[in-house]
Amino acid sequence: MQVLAVYSMKGGVGKTAAAINLAAEAAAEGHRVLLWDLDPQAASTFYLRVKPERGGARKVLRGRADLDALIKASDFDGLHLLPARFSFRNADSLLSEDRRPHARFKRLLTPLEAAYDLLIFDCAPGLSLMSECVLNASGVTLIPTIPTPLSVRTVQLLARHLADSAVPQPFLFWSMVERRKQLHRAFIGESESLPFPILGTRIPYATHVEKMGVYRAPLRTFAARSDAGHAYAALWEEVRGLLPSR
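Summed over the entire model, instances satisfying the criterion amount to zero disulfides. Left without a disulfide partner, Cys133 is nearest to the cysteine sulfur of Cys123, which lies 11 Å away.

With that out of the way, let us pick up the packing of helix α1 (residues 15-28) against helix α12 (residues 227-242). Helix-helix packing is described using two parameters, namely the angle between the two axes and the distance between the axes. Where α1 contacts α12, the axes come no closer than 9 Å and their chain directions differ by 75 degrees. The angle between α1 and α12 falls in the class roughly perpendicular. Here Ala17, Ala18, Asn21, Leu22, Glu25 and Ala26 of α1 lie close against α12, whose contacting residues are Tyr232, Ala233, Leu235, Trp236 and Val239. Across the contact of α1 with α12, the residue classes tally to nine nonpolar, one polar and one charged.

Inspection of the entire model under this criterion finds five aromatic pairs. Ring centres 6.2 Å apart and planes at 55 degrees place the aromatic pair Phe46 and Tyr47 in the tilted group. Look at Tyr47 and you get buried, because its relative accessible area is 15%. Taking NZ or CZ as reference, Arg216 lies 4.1 Å from the ring centre of Phe46, over its face.

What the eight strands build is an open sheet, ordered β3-β4-β2-β5-β1-β6-β7-β8; its pairing is mixed. Only two strands of the sheet have a single neighbouring strand rather than two, namely β3 (72-73) and β8 (198-204). Together, β6 (140-145) and β7 (171-177) form the strand contacts of helix α8 (residues 149-162), whose direction differs from that of β6 by roughly 150 degrees.

About the cut-offs
Every chain is numbered independently, its residues counted from 1 as its sequence is written. Two thresholds apply to this predicted model, a pLDDT of at least 70 for residue-level local features and 80 or more for giving and counting side-chain atom pairs, whereas whole-chain, interface and lining totals are computed over all residues. No hydrogens and no water enter the side-chain calculation; it runs on all heavy atoms of the structure. Working definition: a disulfide is two cysteine sulfur atoms within 2.5 Å of each other. To get an axis, fit a line to the C-alpha atoms, keeping to the stretch in contact for a helix; angles then go from 0 to 180 degrees between the N-to-C directions. By the criteria applied, helices consist of DSSP H or I runs no shorter than four residues and strands consist of E runs no shorter than two, each listed in order from the N terminus. These descriptions rest on fixed angle ranges, namely under 35 degrees for roughly parallel, over 145 for roughly antiparallel, 65 to 115 for roughly perpendicular, and the rest for oblique. We call two residues in contact when some of their heavy atoms are within 4.5 Å. Each residue receives one of three labels: charged for Asp, Glu, Lys and Arg, nonpolar for Ala, Val, Leu, Ile, Met, Phe, Trp, Tyr, Cys and Pro, and polar for the others, Gly being one of them. In this scheme Phe, Tyr and Trp rings, the latter by its six-membered ring, pair at centre separations within 6.5 Å, and the angle between planes marks the pair as stacked below 30 degrees, edge-to-face above 60, and tilted otherwise. In this scheme, a residue with accessible area under 20% of its type's maximum is buried, one over 50% is exposed, and one in between is partly exposed, where area comes from a 1.4 Å probe on protein chains only. By the criterion adopted, a ring carries a charge over it if an Arg CZ or a Lys NZ lies within 6 Å of its centre and within 35 degrees of its normal. Following DSSP output, two strands are said to pair if at least two bridges run between them.

What follows is the structure, given as structure tokens:
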């Protein structure tokens, strides 16, 4: 099972839209995909027409919950969901009770390996012990980044934090790009100063992406031929090449 994290320290950068659309593209190719919504805001859970859960974080993180029983089917063939749990807002305090939280979190994924080809984490924004465990367990981490000062600054802060860690080097991609904005063009043009490799696909700022919340569906189901739909399909092509071969 390949493991992919879509993560950002900063909210509002298109993280959940990327997670949903990448999951849908992978499932459409015939892969067995599980999307785990780790964000208590439950946006991925909402998009896939599933209700978030309330309690149970302690049982999940302690390995006492049967993850198979918690997984929900979606309306899309091959795509399943582990819904958001509001109680995951307390994940850091629960994980900190363990001497080796990274190792324990990795063990949680073992029962999923036979059932799925790809696990995608939609991470909560911010820098936390939970996010460190997820990044440590992921073969590839994607960081959606808007080409603006604050968004780029969070990437630089993350790079300093990860400098002495065992987390695999993340990959950045430009998100919510408005080509007409000089500021966006300027930051993209100075991309060589950024600390992580940058993928070639740029996700445009687009009304169709906002309408995912209306249709509660990935773009390939209602706007596959839009600029954004083509961009997410191209992003999946790039990401697929990054995933380690089994």
